[in-house]
Amino acid sequence: MSSMFGFGRPQPSSAEKIAAAEQEMDLVTDMFNKLQQACMKKCVPKDYREGELNKGEGVCIDRCASKFFDVQMKISELLQAEAQAKGASGGGFGIGGL
């Protein structure tokens, strides 16, 4: 009843929910691929000779992944703060509220 009087938000359709889930899955997959590429490049030599990671490589990958997620969280927080600041000031999109 509340949406009949203009209160509340309309519920997303099933197609919108599926599209949002697909977009989120694409973002997660992209983040994983970037993490994997960056940490493998940094921590595992190209001419590896063993099927298993050695202790040093494993520790390097753990630290690399931790730093990767720390940076992603900081970027996310900064973007959210910027979006909130623009929303509060009534600014538009782009540089300088243009």
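All chains use their own residue numbering, which begins from 1 and follows the written sequence. Local features in this predicted model are restricted to residues whose pLDDT is 70 or higher, and side-chain atom pairs enter the listing and the counts only when it is 80 or higher, whereas totals over whole chains, interfaces and linings include all residues. Each side-chain value is worked out from all heavy atoms of the structure, with water and hydrogens disregarded.

S.K.: Got a sec to walk through the overall build of the protein? Specific residues and values, please.
M.R.: To qualify as a helix, a DSSP run of H or I must reach at least 4 residues; to qualify as a strand, a run of E must reach at least 2; elements of each kind are numbered from the N terminus. In terms of helices and strands, the protein carries two helices and zero strands. Buried residues in the protein amount to 9% of all 98 residues. Every accessible area reported is derived by Shrake-Rupley at a probe size of 1.4 Å, with residue values counting cover from the shown protein chains alone. For the protein, the accessible area works out to roughly 8800 Å², and carbon and sulfur atoms hold 60% of it. Categorising residues by exposure relies on relative accessible area from a 1.4 Å probe, with only protein chains included: less than 20% of the type maximum marks a residue as buried, more than 50% marks it as exposed, and the intermediate range marks it as partly exposed.

S.K.: Could you give me a rundown of the packing of aromatic side chains, with the residues and numbers involved?
M.R.: Here a Phe, Tyr or Trp ring, Trp counted by its six-membered ring, pairs with any other such ring whose centre lies within 6.5 Å, and the pair is stacked when the planes are under 30 degrees apart, edge-to-face when over 60, and tilted otherwise. Under the definition given, this model contains one aromatic pair. Their ring planes at 90 degrees and their centres at 5.8 Å tell us that Phe 68 and Phe 69 sit as a pair that is edge-to-face. Classification of Phe 69 by relative accessible area gives partly exposed; the value is 40%.

S.K.: Describe in detail a nonpolar patch on the surface, supporting the description with residues and values.
M.R.: A patch is a set of surface residues, each over 30% in relative accessible area and not in a salt bridge, joined within 9 Å for like charges and within 5 Å for the nonpolar side chains Val, Leu, Ile, Met, Phe, Trp and Tyr. Criterion for a salt bridge: a side-chain nitrogen of Lys or Arg within 4 Å of a carboxyl oxygen of Asp or Glu. A cluster of nonpolar side chains, contributed by Val 71, Ile 75 and Leu 79, occupies part of the molecular surface with about 260 Å² of accessible area. By the element assignment, Ile 75 lies in helix H2 (residues 55-89). Classification of Ile 75 by relative accessible area gives partly exposed; the value is 39%.

Note that every value here comes from positions in space, so none of it alone points to a role or purpose.
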